[in-house]
Each structure stands twice: as structure tokens, then as C-alpha cells.
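Analysis of the macromolecular model
Chain by chain, the residues:
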Amino acid sequence: MNPNLEKLHPYPFEKLRQLFSGVVPNPGYAPISLGIGEPKHPTPAFIQKALVQGLEGLAHYPSTHGGEPLRAAIAGWIERRYGVPTLDPATMVLPVNGSREALFAFAQCVIDGSRPGALVACPNPFYQIYEGAAYLAGAEPYFVNSEPARNFGCDYESVPADVWARVQLLYVCSPGNPTGATLSQADWKALFTLSDHYGFVIAADECYSEIYHGATAPLGALEAAHALGRSGGERPYRNLVVFSSLSKRSNVPGMRSGFVAGDPAILKRFLLYRTYCGGAMSPPIQAASIAAWNDESHVAENRALYREKFNLITPLLKPVMDVELPDAGFYLWADVRRTGLSDTEFARGLYAEYNVTVLPGSFLARDAHGVNPGRNRIRMALVAGVDEGLEAANRIVQYCQSIRA
């Protein structure tokens, strides 16, 4: 067996199951889960129709490269969304079965485990796939803590030069999970400068890019690179690959459909890797994905639903815990120290007394540089309908008030 499997931590939801072991939630309340970031808004009917109409494709083996119509649809969406020159669909776009599997597989392709001291840098707190991908690629994760004083941005300036020299891959998540923080043009410029100097690859996880709460859409990595003159020449978007998904944007988490795009030299090698590991997308999923990427009206409607929830729920919670409207994403990242409870105590008590599930922030982070930046915070995924979200918020308020009493 691969000895690196022993380094993997239990997934946050397994830790949550253990935390709730032996707890019988109050039967007077129907269960409400804010624990898992699984979209609950209805899947648009036109996407379902396209999926059904594409069923005849089941008679054929799909290409790992994906069909040209899908790659063209993705390239067109990237151009419209980010205002960048059209990416070559043949060399700069690759459909994948959801961003999760691609984010994991990418490290297996990029990391040279024969080089001593290989590191994969990632934010802390973080999406746990980054850590597992690092270990199983023969590298070690290096955690860069997010800080409330930076609007939960990561303190990349704190990373020593001898650490950057060992970093082969940097995972960036903007908008971030769980904080909702987004990177600015200045942030990207600094990261590109570091990448140029030390030679590491940047994997930009942008699966929450279409859920935002202000008037301006979050800046994308390709967009930032283009503004800095990095989109042309013999090696466009050098050492930058972006990961995106339809799951959150279009409410189709069960489709497992996304893409990677960027540096054609890296994508050429990643395609070779995926040809061997069998990462081809099913033809019906490709048909439904084309329909989804070519339509923006359902995305705007979806975003409006999230805005309504966040604008109603955030003010309800502010009197009892420290919480702010995030830049983007569908999570609230709340500090519960005001209640006198730790994040795990808060989550366990809320589940027991009010049958509401939230995720302790310490489960989403690691102790790094003397601190666990998720400790005493909880992540609430506002993925259900407005009424259910408001019911959960009111129960949380009652719970906090009962603690004070």
C-alpha cells in the first residue's frame, strides 16, 4: 500500500460524525443542515432537457480531451466572463469531471516527488483535497494562514524564501472556502512575481466565482494575468491553470462537470496524465454542460437567491456572533467566541438542542505557525431555500441567547 495514505486526515464530515456521536437532537425541531456546501436550488429544466437529449451519446466512448463543442463553449464563457482573448479550445481548455477530481489529479501530474523537500503551498483554512493531493503526490503541504485583519486574505509575505524555493505547486482559492475572501489585482501580481522567480505552478480554484454579493464579479486569475500582459507570447498564462465548475454556478453538483484552463504546456502534460487515469466526461454530461455554459440568465437568478438569503440572515446573526457578509461564495464564516464556547462545543450544542448542523472551523484548518485559524469559528453553508435558512438562523439566535441566559 502507498505509505502516504497514512498521512491523510479524516475528512471534516467524518470528524463531524464523531463529534455528534451519542447526541440525540431535540425531536421538537426538524433537522436543518448548514454543514455541507451542496447547492439545494433546483437544477434548471433546460439543463435536464439537454442531458436527456444527449443520452444517445452513451453508445460511444468519450474522448479524454472532450468534444470540440464543449471546449468551445467553455472558451466562449471564459472570454465573456473575464474579458480575455479567446483561449484556444484545442490546447488551453480541458473538460474535467468536476473541479474536485481535477484539483487532486493535478498535483499527481505536476509534483516531482524525486526532488527532496517538495512542498505544496495552500491557504489555511482550506479545501482538504489540497492537502491530500500533496501527500499522495509525495510532497508535504505548507499552510499559509488567512488573517481576519486582511479580510481573511493569506499572508504570503510571511512565507520564507527557503520555503518558496521548495514549493512546486500553489493552490489558491478565490473566492475562498470557507472565508469567501477574494484576491485583488495586487495580490495576483505578487503571486505571479513569486511564481516567475521560484518556478512553481499556480492552481487557481474558482468554483465559487459566480456567487457574489456586490455589484462587481470577483476578479479571475486569467483576467488578472491578462491585465498584466501574461496572456500572449509563446507560453500564454505561464505556470497558471484555473479550475472551475458548474456545480455551484448552475446547481448541478451531481453532474460532476467542470474545466481546467490556462498554460497550454501544462495542459498538454495534464491531458497525457488523464488519458491514462480515465478522466473522460460522459457524452450526455457534455451535452448538458454546453447548455449550461452558454446561458447566463439562470446564473443571475441563482445569484439573486443567494443575495436574498445573505441579506436577510447576516443581520439576524450579527447581534449574537461576529459575522460579516463575505466577498463571495455561499458560506458565512462566523466567530463564536462571544458565546463562551469553542467551535466544537457550539456545533455539538446547537445540534443537540436545536437540530441545526454547522461545521466547526477547526475541522477545516490545521495548526500552523502557532495557530489554528479556524478555531472558534463555524462555517454555515446557506445552500437551502430562504425559508429554511431563516428558520435555521432564528434557531441559532435562540441558542446563543439561551447560552447567555
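Our structure is the block above this text.
Residues numbered from 1 in each chain as written. Predicted model: local features only at pLDDT ≥ 70, side-chain atom pairs only at ≥ 80, totals over all residues. Heavy atoms only, no water.

Glancing now at a nonpolar patch on the surface. On the surface, a nonpolar cluster with roughly 350 Å² of combined accessible area is contributed by M1, L5 and L8. What makes L5 partly exposed here is its relative accessible area of 36%. (Patch = residues over 30% accessible without salt bridge, like charges linked within 9 Å, V, L, I, M, F, W, Y side chains within 5 Å. Areas by Shrake-Rupley, 256 points an atom, 1.4 Å probe, with all protein chains shown as cover. Salt bridge = Lys/Arg side-chain N within 4 Å of Asp/Glu carboxyl O. Buried < 20%, exposed > 50% of the residue type's maximum accessible area, 1.4 Å probe, protein only.)

If you walk through the whole model with that rule in mind, you get 22 aromatic pairs. Taking 6.3 Å as the distance between ring centres and 15° as the angle between the ring planes, the aromatic pair formed by F270 and Y273 counts as stacked. In this pair, F270 and Y273 are both assigned in helix α10 (residues 264–277), three residues apart and thus about one turn of the helix distant. When its relative accessible area of 0% is taken as the criterion, F270 is described as buried. Put simply, the rings of Y29, F346, Y354 and Y399 pair up and form one aromatic cluster. (Phe/Tyr/Trp six-rings, centres within 6.5 Å; stacked < 30°, edge-to-face > 60°. Helix = DSSP H or I, 4+ residues; strand = E, 2+ residues; numbered from the N terminus.)

If you trace the eight strands from one edge of the open sheet to the other, you get β2-β9-β8-β7-β6-β3-β4-β5, paired in mixed fashion. Looking at which strands have only one partner, the edges of the open sheet turn out to be β2 (93–96) and β5 (153–154). Bridging between strand β6 (residues 167–173) and strand β7 (residues 201–205) involves five bridges; their strand directions are parallel. Along β7, the bridge assignment pairs L170 with I202. Strands in contact with helix α3 (residues 68–82) are β2, β8 (240–245) and β9 (258–262); relative to β2, the strand with the most contacts, it is inclined by about 110°. (Pairing = 2+ DSSP bridges. Contact = heavy atoms within 4.5 Å. Axes fitted to C-alpha atoms, helices over the stretch in contact; angles between N-to-C directions.)

Look at helix α14 (residues 386–404): 27 Å from first C-alpha to last across 19 residues, which is about the 27 Å you get at 1.5 Å a residue. Within α14 the residues assigned to the buried category are V386, G389, A392, A393, R395, I396, V397, Y399 and C400. As for α14, its buried residues are in contact with β1 (32–33), α12 (297–317), α13 (343–354), β11 (356–357) and β13 (377–381). (Expected span 1.5 Å × (residues − 1).)

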